[in-house]
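# Structural overview
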Amino acid sequence: MRFIFSTLFLSYIIAYGQQAYFQQESNYIINVTLNDQLHILDGDIKIEYKNNSNESLDFIWMHLWPNAYKDNSTALVEQSLRSGDYKLYYADSIDRGFIDKIDFKVDDSKVKWEYHPDHIDIAKVILNNPLGPGESIVISTPFRVKVPKGIYSRLGHIGESYQISQWYPKPAVYDKDGWHEMPYLSQGEFYSEYGSFDVSITVPKNYVVGATGDLQNEDERQWLLSKAHKDSVYIYSLRAKDLASMSKDMSFPKSEAETKTLRYIQNNVHDFAWFADKRFYVLKGEVELPDSKRMVDTWTMFTNNEIDLWKNSIEYMNDAIYYYSLWNGDYPYQHATAVDGSISAGGGMEYPNVTVIGESGTALLLETVIVHEVGHNWFYGILGSNERDNAWMDEGLNTLNENRYLETKYPDKTMLESFLGNRGSGITDALHLNDLKNKAQHDLSYLISARNNADQPMQHPSADYTGLNYGGIVYSKTGVVFTYLKAYLGEGLFDKCMHHYYENWKFKHPQPENLKASFEKVTGMNFDWFFDDIVKTTKIIDFKIQRAKEGEFKNDNIYVANKGDINGPFCIAGVKNDTVVQLKWFDSIPSKGYVTFPQGDYDKYMIDPYWQIPEYTRTNNSLKLNGLAKRTEELDVQIFGTLENPDKSFVFWMPALGWNKNDGLMLGAAFYNKFLPKKKFEYLINPMYAFNSGSLTGFGQLQWNFKTSTSDLFQKANLKLNAQSFTETFEKDEDDFIGEKYLKIAPELNLTFNRSSLLTSPTHGIKLRQILIYSDTAFTKNSLGFGHIGNSYSEATYFFNLKRPFHTLDVKATGTYKHPILGQNEGAMLELEATESIRYNKRNNRLKLRGYLGQIISSHDFMGNFGLYGNGQAGSSLFGTQDFKYDYLMLDRSPKELDISNQQQVNSQGALKSVYFRASNNFLLALNAELDLPLMPLNMALFADFVGFQDKQAGQLRDFESVYNAGLKFSLVPKLVDIYLPLFYSAEIRNYFETNDISFLRSLRFTFNLQQLNPYKLIEQAF
């Protein structure tokens, strides 16, 4: 009995172990006909579905992904809106797509089916009888697909050019984690069951078709070969002017009345796509695989659009298949095809055996995209990871191979060449844009997010990435960190690991732990530091060389600090005349300490000289062995700016021009170090000489950025020191200049709370400021300093921002305390401001609503005023003018009379758009509205303001008063120059106009947001 029990228990364990991994199988027979007048596919499908799990299934989820284009309820529309793309939301019905005529049967018996409760592109097929383990059924249905216009995502047509993908009913994946029914998305790709496809496609006879699967029609193959022979010879013989003239003709020839039916068969794939165009040229080639020596057919099909770039496309195909096979494992199929097509999902899109490529612009970019998309036959096609959960296993590993391909074939290509196709002009050399190798783009792409504390882990749901992180993390960071792993292990051992992974998991659904297991199995090493820390977190790698001293046994002792969060390997090089003489890898260093390095004839030591480690900060990676500034690189003063380069200490500059009424013309220069990516310490110094006042003016900012992590309370934290100085009032007599000049110094701390989702959660945080206003009330041309502190304020602000596709909400609550300086009264102001912007049409016209509440708190009857109006120079508010904190750059801050320069509008407090001198010393309420006018020139809008206020006099509240106005707004330069024309206003404002003889021109107001021209802000907004 003990033997029987043990045998049964062992059999159970073996069976359970075998069931720990399983995958279902879906085999397809599809017949479809294209109607290229109505852009409709009519077809039928039979799916043999095999249940290889140990569970019985009562239903099967089916993907009906063409319905993603049907209406505005779909997840695709929601994702598009979230990314700022409104095309599909506002699409006309004729341009939308859908799938219908669905009538599911199982083994020829009708079954019930229903749509997913949340997604019309998912259906639930309810089985009449449970599908037991090891059993199969045949699911069949007719179907019709309306092909959408090809500007929304992957499925579509542009005229009579067709990109047919994700187009047929498809079972969702069922694995150890259950069902993976998922709506169609553009960001976040696919997860499908493997099987076989037998697809017959009927099209007008003159269409050229590229598709998944091996073509079964010998006559069609011979026709393609005849086109390839004729057109390849013809294309290569074309002169440049002939190519240029051909590229202009993109018209479609008339479809032939006769049709043809093309049959394609393929095994061990999980998807089927096809592309058809009557304008395609064809090229044909073949490549020998490095291991099996088997020959694979390669095809390219393209239009006149970029015909000169596609001439060498077969070379790109062949090289891609060869190198990916060499590094990962031989390509298992008989052919690979690349087609030139219209694709809105990006530069290219992959499917088994076939890829579609969009416009490239340069030959190198075309080659790069072809290589990347052909490479997806391995990472997506053969190794079918779940791209919704682990997109890095697809896009990132493919980026690793793409980078390796380019470094192998074009080792000297620069990053600039990869974008422009050439090294650019002498200006690009002067800006050091050719200093960085091609692969640096991926380091920088990752660092842009990481240095801004806005990165996300590599292992993260695809749909939850920001657009910037989907490229910077999923593609770039993954490619960089696996390059790091390859450099540490060496190419030979790394390739053995990838071959092991490929051979064990091809035509399966690998998970991250399976890739990790392959590396640990082949190397015998532990890779927790890589797959747990690097893959699953946003922890950083940052090593620093601090010093070196002579050691024993012909070694030097180099003191290295691990400033990052990951205890991973690193390398040090001995460098002589910018050439690596010696390089050595070290397994890890927990915190800091000495490592031994062979002595030699070096002029510096350098961590990671080939940029193979994803270093967070490279400017601390070098140590010179001679000279005084051993850890400082060469200083370079450069106009405008350039990308960060660890071999240079850049100071950027640009000319600066300014004007205000008192200072007159101001000329100077801005000196700064802020560019791309963000640095720990950044600065801007912008001195200018004012010709009218004969004084030094300008502004400056010092900023310290702190690194935070996803586990911290704050996502972003920085400390700033701001300063600015200009002339407020100015008079000139025969002998001297005299006036008032101010200097504002304002340290501030900005803290932004961490968010559960960078995509959907609101942004909110705290800003703390201390504001010191120094005033020189007897300024002369020869005066140097500022006599005293005129005002001092402490300010605390809570800010909240919520962004949604059709509206944004900004809320700001501020408390300001005025310090009792020079006998002035102390006091406080509480302010609450909320602004909502609502999009109401396709043109992005908006309704903007603003509400403001303010209350002065003081033990004195009178200590300051609110300004009702936007005019920050005339009249009073709490502590002086409406812009009493000097937050705006004004053309005329303290006018003595109205003229054009002081009609500048400041939309704070009451934000009244009429010239009106009235203020409140107690309470202020404002409601402001703007409505963009559609189909109008000059970006016109209607505006309306209502301002209510209540004063105190001798400690008693006076009656509540109010004013209002309305009129037209003209945006000459959006966000920079707006003109307000009041047309309707209350009696109080009308009386003021009449009493003060306010003419029509003097009633106009304008906003001139000069701070938007601050070079520092321009750079900040650009990046």
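Read on for an overview of the structure. (Residues numbered from 1 in each chain as written. Predicted model: local features only at pLDDT ≥ 70, side-chain atom pairs only at ≥ 80, totals over all residues. Heavy atoms only, no water.)

### Observations concerning the overall build of the protein chain
Heads up, the rule is: The helix count covers DSSP runs of H or I at least four residues long, the strand count covers runs of E at least two residues long, and both are numbered beginning at the N terminus. Per-residue accessibility, obtained with a 1.4 Å probe over protein chains only, is compared with the maximum for each type, and a residue is labelled buried under 20%, exposed over 50%, and partly exposed between these values. Residue contacts are counted whenever heavy atoms from the two residues lie within 4.5 Å of one another.
When helices and strands are tallied, the protein chain shows 17 helices and 52 strands. Taken over 1023 residues, the protein chain has a buried fraction of 56%. Restricting the contact set of the protein chain to residue pairs at least 6 apart, pairs at least 24 apart contribute 65%.

### Description of the nonpolar core
Here is the rule we go by: Only buried residues count toward a nonpolar core. Its members are Ala, Val, Leu, Ile, Met, Phe, Trp, Tyr and Cys residues joined through side-chain atoms within 4.5 Å.
In terms of nonpolar packing, the biggest core is built from 169 residues, with Trp167, Phe272, Trp274, Phe482, Phe519, Phe530 and Ile572 touching the most fellow members. Per element, the largest residue contribution to this core is nine residues, and it comes from helix α11 (residues 467-489). Every residue in contact with phenylalanine 530, bar those within four places of it in the chain, is listed here: Val481, Phe482, Leu485 and Val535. Among the nonpolar cores identified, the runner-up in size contains 29 residues, and Leu444, Phe675, Phe726 and Phe884 belong to it.

### Here we look at the packing of helix α7 (residues 395-409) against α11
Stated formally: Helix axes are fitted only over the stretch in contact, all axes being lines through C-alpha atoms; the angle between N-to-C directions runs from 0 to 180 degrees. By definition, turning the near helix anticlockwise from the far helix through less than a right angle yields a left-handed crossing, and turning it clockwise yields a right-handed one. Residues are grouped as follows: Ala, Val, Leu, Ile, Met, Phe, Trp, Tyr, Cys and Pro are nonpolar; Asp, Glu, Lys and Arg are charged; all remaining types, including Gly, are polar.
The interhelical angle for the contact between α7 and α11, taken along N-to-C directions, is 60 degrees, at an axis separation of 7 Å. The handedness of the crossing between α7 and α11 comes out as right-handed. Counted together, Glu395, Gly396, Leu397, Thr399, Leu400 and Arg404 of α7 and Val474, Tyr475, Thr478, Gly479, Phe482, Thr483 and Lys486 of α11 form the full contact between these two elements. Residue composition of the contact of α7 with α11, by class: five nonpolar, five polar and three charged.

### With respect to the pattern of salt bridges
Rule in force here: Any carboxyl oxygen of Asp or Glu that lies within 4 Å of a side-chain nitrogen of Lys or Arg is treated as forming a salt bridge with it.
Applying the stated criterion across every chain, the model contains 43 salt bridges. Residue aspartate 892 is joined to lysine 661 by a salt bridge in which the shortest nitrogen-to-oxygen separation is 3.8 Å. Separated by 231 residues along the polypeptide, aspartate 892 in the loop between β44 (866-867) and β45 (919-920) and lysine 661 in the loop between β33 (648-660) and β34 (664-672) bring together distant segments of the chain. Looking at lysine 661, the relative accessible area reads 35%, which means it is partly exposed. Overlapping salt bridges bring together Lys744, Arg769, Glu795, Lys885 and Asp887 as one network.

### Looking at the sheet that holds strand β25 (residues 543-550)
The condition that has to hold: For two strands to be treated as a pair, DSSP must find no fewer than two bridges joining them.
Spatial strand order, β25-β26-β29: three strands in an open sheet with antiparallel pairing. Looking at the sheet topology across the chains shown, the edges are occupied by β25 and β29 (592-598). Going across the sheet, the axis of each strand differs from the next one's by a mean of 30 degrees, ignoring polarity. Direction of pairing for β25 relative to strand β26 (residues 555-562): antiparallel, over a ladder of seven bridges. The residue of β26 that forms the bridge with glutamate 550 is aspartate 556.

### A closer look at a positive patch on the surface
Our working definition: For patches, a residue must show more than 30% relative accessible area and have no salt bridge; joins then use 9 Å for like charges and 5 Å for nonpolar side chains, namely Val, Leu, Ile, Met, Phe, Trp and Tyr. Each accessible area is a Shrake-Rupley estimate made with a 1.4 Å probe; only the visible protein chains count as cover when residues are assessed. Only four residue types enter the tally: Lys and Arg on the positive side, Asp and Glu on the negative side, with His and both chain ends excluded. Note that the charge is assigned to NZ on lysines, CZ on arginines, CG on aspartates and CD on glutamates.
A grouping of Arg547, Lys549, Lys563, Lys592 and Lys680 is seen on the molecular surface, where their side chains present a positively charged patch. By secondary structure assignment, the location of arginine 547 is in strand β25. A relative accessible area of 41% places arginine 547 in the partly exposed class.

### Overview of the packing of helix α6 (residues 363-375) against α7
Defined as follows: Angle categories are assigned with fixed cut-offs, so that under 35 degrees is roughly parallel, over 145 is roughly antiparallel, 65 to 115 is roughly perpendicular, and the rest are oblique.
For the pair α6 and α7, interaxial distance at closest approach is 9 Å and the crossing angle is 135 degrees. In terms of orientation, α6 lies oblique with respect to α7. Here α6 and α7 pass one another in a crossing that is right-handed. For the pair α6 and α7, contact is made by Leu364, Glu367, Thr368, Val371, His372 and Gly375 and by Glu395, Asn398, Thr399, Glu402, Tyr405, Leu406 and Lys409, respectively. Its residues assigned to classes, the contact of α6 with α7 comprises four nonpolar, five polar and four charged.

### Some thoughts on the pairing of strand β7 (residues 112-115)
Pairing analysis gives four bridges linking β7 to strand β8 (residues 122-131), with the strands arranged antiparallel. Bridging from a neighbouring strand, tryptophan 113 pairs with valine 125 of β8.

### Digging into unusual backbone geometry
Negative phi characterises most residues that are not glycine, and trans characterises most peptide bonds. The peptide bond linking leucine 676 to proline 677 adopts the cis configuration, its omega dihedral lying at -5 degrees. In this fold, proline 677 is placed in the loop between β34 and β35 (681-690). Non-glycine residue aspartate 108 carries a positive phi angle of around 70 degrees. Tracing the sequence through the fold places aspartate 108 in the loop between β5 (105-106) and β6 (109-110). Using a relative accessible area of 67% as the deciding quantity, one classes aspartate 108 as exposed. Phi at asparagine 844 takes a positive value of approximately 65 degrees, unusual for a residue other than glycine. Checked against the element boundaries, asparagine 844 lands in the loop between β42 (827-839) and β43 (846-857).

### As for the sheet that holds strand β28 (residues 579-586)
Picture the strands of a sheet paired through backbone hydrogen bonds; they go either parallel or antiparallel. What the four strands build is an open sheet, ordered β28-β27-β30-β31; its pairing is antiparallel. Each edge of the open sheet is held by one strand with a lone partner, namely β28 and β31 (622-624). Going from strand to strand, the sheet's axes swing by 20 degrees on average, the running direction of each strand aside. The sheet contact formed by strand β27 (residues 570-576) and β28 spans seven bridges and is antiparallel. Following the sheet pairing, valine 575 is matched in β28 by valine 580.

### Side note on helix α14 (residues 528-536)
Looking only at α14, the buried set comprises Trp529, Phe530, Phe531, Asp533, Ile534 and Val535. In this structure, the buried residues of α14 make contact with α11 and α13 (512-523).

### Quick look at the environment of asparagine 692
As a reminder of what qualifies: As used in this structure description, the phrase polar contact means that two N or O atoms lie within 3.5 Å; if the pair is within protein, one of them must be able to donate a hydrogen and the other to accept it, and residues adjacent in sequence are counted only when both atoms belong to side chains.
Here asparagine 692 is to be found in the loop between β35 and β36 (695-706). Using a relative accessible area of 27% as the deciding quantity, one classes asparagine 692 as partly exposed. Put simply, asparagine 692 and leucine 665 are 27 residues apart on the chain and 6.8 Å apart in space, counted from C-alpha to C-alpha. There is a polar contact of 2.8 Å between the side chain of asparagine 692 and the backbone oxygen of asparagine 662.

### Some details on the packing of aromatic side chains
Quick reminder of the rule: To pair, rings of Phe, Tyr and Trp, with the six-membered ring standing in for Trp, must have centres within 6.5 Å; the planes then decide the type, stacked if under 30 degrees apart, edge-to-face if over 60, and tilted in the middle. Whether a charge sits over a ring comes down to the Lys NZ or Arg CZ being within 6 Å of the ring centre and within 35 degrees of the ring normal.
If you walk through the whole model with that rule in mind, you get 68 aromatic pairs. An angle of 80 degrees between the planes, with centres 5.6 Å apart, marks the rings of tyrosine 86 and phenylalanine 806 as edge-to-face. With tyrosine 86 in the loop between α2 (75-82) and β4 (98-100) and phenylalanine 806 in the loop between β40 (788-804) and β41 (807-818), this residue pair connects regions lying 720 residues apart in the sequence. Members of the aromatic cluster, joined through ring pairs, are Trp392, Phe482, Tyr484, Tyr488, Phe494, Phe519, Phe527, Trp529, Phe530, Phe531 and Trp585. The residue whose ring lies beneath lysine 508 is tryptophan 505, and the NZ or CZ to ring-centre distance is 5.6 Å.

### A closer look at a nonpolar patch on the surface
Taken together, the side chains of Leu657, Trp659, Leu665, Leu667, Tyr689 and Phe691 define a hydrophobic patch exposed on the protein surface, amounting to about 630 Å² of accessible area. When residues of the nonpolar patch are traced back to their parent elements, those giving at least two are β33 and β34. Tracing the backbone shows tryptophan 659 in strand β33.

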